[in-house]
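The residues making up each chain are set out below.
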2 protein chains.
Amino acid sequence: MTHKSNPSEIKTYLKTISIFKDCSDSFLAKISANAQCQIHKKGKILFVHDDTIERFYIIKSGWVKLFRETLDGAQAVVDILDNHHVLGEIAIFENNIVPYSAEVVSNAEIISLPLANLKKEIKNDNQLALNMLKSMAHDRRRKDKEIEHRTIQNAPQRIGCFLLRLIDQNQKGPVTIHLPYDKTLVAARLGMQPETFSRALSKLRDETGIRINGATIEMESLDQIVRYSCAACSSNFPCQDLKTTS
Amino acid sequence: MTHKSNPSEIKTYLKTISIFKDCSDSFLAKISANAQCQIHKKGKILFVHDDTIERFYIIKSGWVKLFRETLDGAQAVVDILDNHHVLGEIAIFENNIVPYSAEVVSNAEIISLPLANLKKEIKNDNQLALNMLKSMAHDRRRKDKEIEHRTIQNAPQRIGCFLLRLIDQNQKGPVTIHLPYDKTLVAARLGMQPETFSRALSKLRDETGIRINGATIEMESLDQIVRYSCAACSSNFPCQDLKTTS
DNA sequence: CGAGGGTTTGAAGTGCATCAAATAGTGTGG
DNA sequence: CCACACTATTTGATGCACTTCAAACCCTCG
């Protein structure tokens, strides 16, 4: 389902992506000319791990799940990304082979760009290489955090931590949160079963006094959750989520 | 305990480090001149997370544990590195603040180099930036694998997988493995308790017929372990460990 | 030889997974 | 706009994996 792919419009959007910050205009023009923008429905598989791909992707809207799975169907969610995030670009270091599968988990607008352009340009454009390096470093750090959380935090604490990272942590007073995607998916993202998620969320409610209504969660203040979740984390609150973007 | 720090000798060693491959000679000369090589004893803390550091490190021999810990002492091992690995360099993207603590876990010879040199040079030397980018990408991929393993594999399987990644996976026939460091540390590296490690290793023995003698492990062939451990992994054997180096 | 850390073993508890089934919620076609 | 089909979520019952606490054992090194 190809959408209008106006190069200049795409170019404008690309400029908002961290890895393209301050990149040469000629490169942005070139890559935009080769860009496609498509609208994908929930469930669409963009690629499967160990595929050879020719294009990488940038999310303009919606959510995409990155994952791997074993022969007998066990699945590990590597990441869940939203707009401004880039995926598949890592393949330029692996002979165009992607190390994870990507599935659209809510209707999404996604730009695709040729890997070849990127692969070539990082050798010429030091700014681009530095941007990618910085983004990659940031991302590696996020993974470290993820491993730490799964090691130290229990299920209710991980949920609390996840909720805190959805919001601006400097605000005072009451906060309302909307879960960004299905509870089942949040569960997978946090490395637990849906049933465990449901029970753990109830436990978090009992421990912290938050109010839960479907995908909406209200809290009087962040204090309770911070006390409950951040105790089992090596970072100090406010910890900010480390986003790939920014 | 400062050791002889012969710049030209250090320079030769630096050339074997992946991020310095094909870097400008003048840069290598400069950074070598500012290098120090020290011998550290087991237990030495190189830095603590959230410290501001001025130097990054390269391991010449021995092992270094990267970790974070919470106020009440819970610890998460981020990585355990040996020679040719670089640590602390990530701080150049975070205002010289390191995101993890580093502890020498076996007597080690470690080179330290000024962060400032590196920070400045990646802007001039595209090759250096690309090397770091590639290494960082590789590393991020390793973390993804780590998360996957902790999600999908149980304790005995994780140990089997760990053992396989210690060796050349293409060899046939009997293999003897020496654990590279304390069992307690292997346990922490794999995200489990020492007691669990001990029991899980016994279970792995019962399931695969390997022979265990202290830190030495013998196996008739890899097949048994592969069948047992790799079933719970999305990668195909041989999977190769993804090293920071190489 | 003795001290101390690393390792193993035992017993008991806890947290999460699993299996099963009920319930709520959502989108579809009539 | 309603009824049905299908999916997401919750709840219950049970089992297993890993942790925790405690104690014994073993190995190494001064």
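Refer to the structure above for everything that follows.
Residues numbered from 1 in each chain as written. Chains lettered and ligands numbered in written order. Predicted model: local features only at pLDDT ≥ 70, side-chain atom pairs only at ≥ 80, totals over all residues. Heavy atoms only, no water.

Chemist: Outline the overall build of chain A, listing residues and values.
Modeler: Secondary structure assignment for chain A yields 8 helices and 11 strands. Taking 2.2 N^0.38 as the reference for a compact globule, 246 residues should give roughly 18 Å; the C-alpha atoms of chain A span a radius of gyration of 19 Å, in line with that estimate. Counting only C-alpha atoms and orienting by the principal axes, one finds that chain A spans roughly 55 × 40 × 30 Å. Across the 246 residues that make up chain A, the buried fraction comes to 57%. Carbon and sulfur atoms make up 47% of the accessible area of chain A, which amounts to about 10700 Å² in all. Between the averaged position of the 33 positive side-chain charges in chain A and that of its 29 negative side-chain charges there is a distance of 2 Å. (Helix = DSSP H or I, 4+ residues; strand = E, 2+ residues; numbered from the N terminus. Rg over C-alpha atoms; globule rule 2.2 N^0.38 Å. Buried < 20%, exposed > 50% of the residue type's maximum accessible area, 1.4 Å probe, protein only. Areas by Shrake-Rupley, 256 points an atom, 1.4 Å probe, with all protein chains shown as cover. Lys, Arg positive; Asp, Glu negative; His and termini not counted. Charge placed at Lys NZ, Arg CZ, Asp CG, Glu CD.)

Chemist: For the sheet that holds strand β8 (residues 108-114) of chain A, give the residues involved together with the corresponding values.
Modeler: All names here are of chain A. Strand order across the open sheet formed by 4 strands is β1-β8-β3-β6, with antiparallel pairing between neighbours. Two strands in the sheet have a free side with no partner beyond their single neighbour: β1 (36-40) and β6 (86-87). Of the strand pairs in this sheet, strand β3 (residues 55-61) and β6 are connected by 2 bridges, and their pairing is antiparallel. When the sheet's bridge partners are listed, Tyr 57 is paired in β6 with Leu 87. Here helix α1 (residues 7-14) sits on the sheet and contacts β1, β3 and β8; the angle it forms with β3, its principal contact strand, is near 85°. (Pairing = 2+ DSSP bridges. Contact = heavy atoms within 4.5 Å. Axes fitted to C-alpha atoms, helices over the stretch in contact; angles between N-to-C directions.)

Chemist: Kindly report on the relation of the copies chain A and chain B, identifying the contributing residues and their values.
Modeler: After a rotation of 180° and a shift along the axis of 0.0 Å, chain A superposes on chain B with an RMSD of 0.0 Å. Put plainly, the chains are arranged around a two-fold axis. (Least-squares fit on C-alpha atoms with pLDDT ≥ 70 in both.)

Chemist: I'd like a description of the pairing of strand β7 (residues 101-104) of chain A, backed by residues and values.
Modeler: Residues and elements named next belong to chain A. Every second residue of β7 is oriented toward a common face, with Ser 101 and Glu 103 on one face and Ala 102 and Val 104 on the other, all of them buried. Across 2 bridges, strand β2 (residues 45-47) lies against β7 in antiparallel orientation. Bridging across to β7, Phe 47 finds its partner in Ala 102. Here strand β4 (residues 64-69) pairs with β7 via 4 bridges, running antiparallel. Each residue of the ladder has a partner; that of Phe 67, found in β7, is Ser 101.

Chemist: Outline the environment of Ser 229 of chain A, supporting the account with residue identities and numerical values.
Modeler: Residue and element names in this part refer to chain A. Within the secondary structure layout, Ser 229 lies in helix α8 (residues 223-229). Between the C-alpha atoms of Ser 229 and Asp 125, which are 104 residues apart in sequence, the distance is 43 Å. When near neighbours in sequence (up to four residues on either side) are disregarded, Ser 229 contacts Gln 153, Pro 156, Gln 157, Gly 160 and Cys 161.

Chemist: Let's hear about the packing of aromatic side chains: which residues, and what values?
Modeler: For the structure shown, the criterion picks out 8 aromatic pairs over all chains. Between Trp 63 of chain A and Tyr 181 of chain A the ring centres are 5.0 Å apart and the planes differ by 75°, which places this aromatic pair in the edge-to-face class. Placement of the pair is Trp 63 of chain A in the loop between β3 and β4 and Tyr 181 of chain A in the loop between β9 (175-178) and α6 (183-189), with a sequence separation of 118 residues. Residue Tyr 181 of chain A is classed as buried on the basis of its relative accessible area of 11%. Seen from their ring centres, Phe 47 of chain B and Tyr 57 of chain B are 5.7 Å apart, and the 35° between their planes marks the pair as tilted. Here the residue Phe 47 of chain B occupies a position in strand β2 (residues 45-47), and Tyr 57 of chain B occupies one in strand β3 (residues 55-69), the gap between them amounting to 10 residues. Judged by relative accessible area, which is 14%, Tyr 57 of chain B ranks as buried. Ring-pair connections join several aromatic residues into one group, and the members of that group are Phe 47, Tyr 57 and Tyr 100 of chain A. Above the ring of Phe 67 of chain A, the side-chain terminus of Lys 65 of chain A is found at 4.8 Å from the ring centroid. (Phe/Tyr/Trp six-rings, centres within 6.5 Å; stacked < 30°, edge-to-face > 60°. Lys NZ or Arg CZ within 6 Å of the ring centre and 35° of its normal.)

Chemist: Lay out the protein's contact with DNA strand D in plain terms, naming residues and giving numbers.
Modeler: Residues in contact with DNA strand D amount to 15 residues; listed here are only the nearest, Lys 183, Thr 184 and Arg 199 of chain A together with Ala 155 and Thr 196 of chain B. The sugar-phosphate share of atoms of DNA strand D within 4 Å of the protein amounts to 61%. The contact in question runs from a phosphate oxygen of DNA strand D to an N or O atom on the side chain of Ser 198 of chain A, over 3.1 Å. Glu 195 of chain B places a polar side-chain atom, nitrogen or oxygen, 3.2 Å from a base nitrogen of DNA strand D. The set of elements that each furnish at least two residues to the surface near DNA strand D consists of α6 and α7 (194-208) of chain A together with α5 (155-164) and α7 (194-208) of chain B. (Near = heavy atom within 4 Å. Polar contact = N/O pair within 3.5 Å; in protein donor to acceptor, adjacent residues only side chain to side chain.)

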